[in-house]
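# Fold and contact review
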Amino acid sequence: MKKTILTKFAQVFGDNEGAKAYFAPGRVNLIGEHTDYNGGHVFPCALTIGTYGVARKRDDNKLRFYSMNFEHLGVIESSLDDLKPYKEADWTNYPKGIIWAFGEKGMQVPQGMDLLLCGNIPNGSGLSSSASVEVLTGFILRDLFGFEVTNTELALIGQFSENKFNGVNCGIMDQFAIAMGKKDHAIFLDTADLSYEYAPIKLQGAKIVIVCSNKKRGLGDSKYNERRSECEQALSELQKKADIKTLGDLTGEKFEEIKGVIASDVRMKRAKHAVYENQRTIQAVQALKENDIKQFGQLMNASHVSLRDDYEVTGVELDTLAEEAWKVEGVIGSRMTGAGFGGCTVSIVKDEAIDTFIEQVGAAYLEKIGYAADFYVVEVGDGPAVL
């Protein structure tokens, strides 16, 4: 891949002298969905698929961007003097946002650069192609210009940029999982205080299979911000009864005791999901530590049901993928992953059942939805790197 992207860089930008190649992974969240902005726990891991980049400093203020995934857009030009989000700037608003965010944090990027990207994460799949681009850009800026930032800070800068520059009210999980990825481990992260531990992913005789629904979705135009504000309102109602900072501070029992203070059934369901999903995530990590992969799978399934019934972010595509997966012998667990409304499911499937899983789920999905899903058997990989 390194050779391919360096060759393409030379074609697009004249030569590749002084250019360096980089990689940042995508991520999948195994359990703990829509908890990251509710002060709960998440359990993501970095993947071996992600975003490749080639970058080189320039002697002027120009920024030139090229994506092998959007070749029809050609080279998109910008400048360090004009770091604003424009609709016509398309995908380049993500790297531009990071350059802007570095400046906001007191790290002015001193000169322009040429940047070529090539991702093998399916676009709009919910596997964090945008966060992958953000972390990759931050990693490149640190390497090219010698900024002193930790990987945790790269994650926070990525979130800051997406919130303030791109206008998506995302939590910290995606950028954190990508920046802090560790091979064969998932990250048990408490989003309330960013304390975390690595938990080994030992799936004896099984693999993680991601199924992309191919229903396109964008975080900004989904119901994401709406769900967020519903949870915030429910939290302020619950705070009249309990001394809590986030919904993640509540146990299931405590929630049941005080939930009557929430004035709307819809908000009650949203809060219920946030509270119980956080508890499921804590239980799931414990199950993994005890090598109880069966229990881990059952908690994944329960997570999907809650996202479908209480949080209402699944939709017919994701429900079909999960429900068909549950019918296949050898599927340990399956659930939607990401923001929802399209995107992907993540399943843990026994090695001997993978072919059957792809065939059965694929056929049922095509028949019901009318177009095909894509299947990716993935491995858990490391965080960003210089190639």
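Scroll up a little and you will see the structure.
Residues numbered from 1 in each chain as written. Predicted model: local features only at pLDDT ≥ 70, side-chain atom pairs only at ≥ 80, totals over all residues. Heavy atoms only, no water.

## Regarding the overall build of the chain
Heads up, the condition is: Labels follow the DSSP assignment, with helices taken as runs of H or I lasting at least four residues and strands as runs of E lasting at least two, numbered in each case from the N terminus. Radius of gyration here uses only the C-alpha atoms, and the compact-globule reference equals 2.2 Å multiplied by the residue count raised to the power 0.38. Burial classification: accessible surface area is computed with a 1.4 Å probe over protein chains only, and a residue below 20% of its type maximum counts as buried, one above 50% as exposed, and the rest as partly exposed. Note on contacts: a residue pair is in contact if any heavy atoms of the two residues lie within 4.5 Å. Surface accessibility follows the Shrake-Rupley procedure with a 1.4 Å probe radius. Residue values consider only the protein chains on display as shielding.
Within the chain, the regular secondary structure consists of eleven helices and 13 strands. Taking 21 Å as the expected radius of gyration for a compact globule of 387 residues, we find that the chain reaches 21 Å, a close match to that expectation. In terms of overall dimensions, the chain has a C-alpha envelope of 65 × 50 × 40 Å along the principal axes. In the chain, buried positions account for 59% of the 387 residues. Counted over contacts in the chain with a minimum sequence separation of 6, partners at least 24 positions apart contribute 71%. As displayed, the chain has an accessible area near 15,600 Å², and 46% of this comes from carbon and sulfur atoms.

## A few points about the packing of helix α2 (residues 93–104) against helix α3 (residues 129–145)
The description of two helices packed together rests on the angle between their axes and the distance between the axes. Inclusion rule: To get an axis, fit a line to the C-alpha atoms, keeping to the stretch in contact for a helix; angles then go from 0 to 180 degrees between the N-to-C directions. Should an angle lie under 35 degrees it is considered roughly parallel, over 145 roughly antiparallel, and from 65 to 115 roughly perpendicular; all remaining angles are considered oblique. Crossing handedness is defined as follows: a turn of the near helix away from the far one that is anticlockwise and smaller than a right angle gives a left-handed crossing, while the clockwise case is right-handed. In this classification, the charged set is Asp, Glu, Lys and Arg, the nonpolar set is Ala, Val, Leu, Ile, Met, Phe, Trp, Tyr, Cys and Pro, and all remaining amino acids, among them Gly, are polar.
Interaxial distance between α2 and α3 falls to 9 Å at its minimum, and their mutual angle equals 45 degrees. Accordingly, the angle class assigned to the pair α2 and α3 is oblique. You can see that α2 and α3 cross each other, and the crossing is right-handed. Residue-level inspection shows Y94, P95, I98, I99 and F102 of α2 in contact with α3, the latter providing S130, V133, E134, T137, G138 and L141. For the contact of α2 with α3, the residue count by class is seven nonpolar, three polar and one charged.

## Section: the sheet that holds strand β11 (residues 344–350)
Keep this limit in mind: At least two DSSP bridges between two strands are required for those strands to pair.
The strand order β10-β11-β9-β12 describes an open sheet built from four strands, whose pairing is antiparallel. Of all the strands in the sheet, just β10 (331–337) and β12 (374–378) have a single pairing partner and so form its edges. With strand direction ignored, the average angle separating the axes of adjacent strands in the sheet is 20 degrees. As paired strands, strand β9 (residues 206–212) and β12 are joined by five bridges and run antiparallel to one another. Counterpart to V209 in the pairing with β12 is V377.

## Digging into helix α11 (residues 354–369)
To keep things clear, this is the line we draw: Here a helix's expected span is defined as the number of its residues, less one, multiplied by 1.5 Å.
The end-to-end C-alpha separation of α11 is 21 Å, in line with the 22 Å expected for 16 residues at 1.5 Å each. Within α11, the full set of buried residues consists of I354, F357, V361, G362, A364, Y365 and I369. Lining the buried residues of α11 we find β9, α10 (315–326), β10, β11 and β12. Of the residues one or two after α11, G370 is the one with positive phi, at around 100 degrees.

## A closer look at the nonpolar core
To be explicit about the condition: Among the buried residues, those of types Ala, Val, Leu, Ile, Met, Phe, Trp, Tyr and Cys that are joined through side-chain atoms within 4.5 Å form a nonpolar core.
Grouped together as the largest cluster of nonpolar side chains are 44 residues, with contacts concentrated most on I99, F102, M113, I140, L141 and F147. Those elements that provide at least two residues to this core are β1 (20–29), β4 (62–67), α2, β6 (113–119), α3, α4 (151–164), α5 (173–179) and β7 (185–190). Here the element with the most residues in this core is α3; it accounts for nine residues. The contact partners of F147, leaving out residues within four places of it in the chain, are F102, M107, Q108, V109, P110, L141 and R142. Counting 30 residues, the second-largest nonpolar core is a separate cluster that includes V28, I121, C212 and L299.

## A short note on the sheet that holds strand β2 (residues 41–42)
Pairing between the strands of a sheet comes from backbone hydrogen bonds, and it takes one of two forms, parallel or antiparallel. Here we have three strands laid out as an open sheet, ordered β2-β7-β8, and antiparallel in their pairing. Taken across any chain shown, the strands that pair with only one partner, and hence form the sheet edges, are β2 and β8 (195–200). In this sheet, β8 lies alongside β7 in antiparallel orientation, the contact comprising six bridges. Residue pairing in the sheet places L189 in a bridge with Y196 of β8.

## Topic: the packing of aromatic side chains
Put simply, the test is: Two rings from Phe, Tyr or Trp (for Trp, the six-membered ring) form a pair when their centres sit within 6.5 Å of each other. Planes less than 30 degrees apart are called stacked, planes more than 60 degrees apart edge-to-face, and all others tilted.
With the rule as written, the count across this model stands at 16 aromatic pairs. With a centroid separation of 6.2 Å and 85 degrees between ring planes, the pair formed by Y22 and F139 is classed as edge-to-face. One end of the pair, Y22, is in strand β1; the other, F139, is in helix α3, with 117 residues separating them in the sequence. Of the two residues, Y22 and F139, neither departs from the other in class, the shared state being buried. Judged by centre distance (5.4 Å) and plane angle (70 degrees), the rings of Y37 and Y224 are edge-to-face. In this pair, Y37 is assigned in the loop between β1 and β2 and Y224 in helix α6 (residues 224–238), connecting sequence segments 187 residues apart.

## Considering the pattern of salt bridges
This is how the line gets drawn: Only one rule defines a salt bridge in this text: a Lys or Arg side-chain nitrogen within 4 Å of an Asp or Glu carboxyl oxygen.
One pass over the full model with this rule turns up 29 salt bridges. Between R335 and E33 there is a salt bridge, with its nearest N and O atoms 2.7 Å apart. Residue R335 is located in strand β10, and its partner E33 is located in the loop between β1 and β2; the two are separated by 302 residues in the primary sequence. For the pair formed by R335 and E33, the shared burial category is buried. We note a salt bridge from K259 to E256, for which the minimum N-O separation is 2.7 Å.

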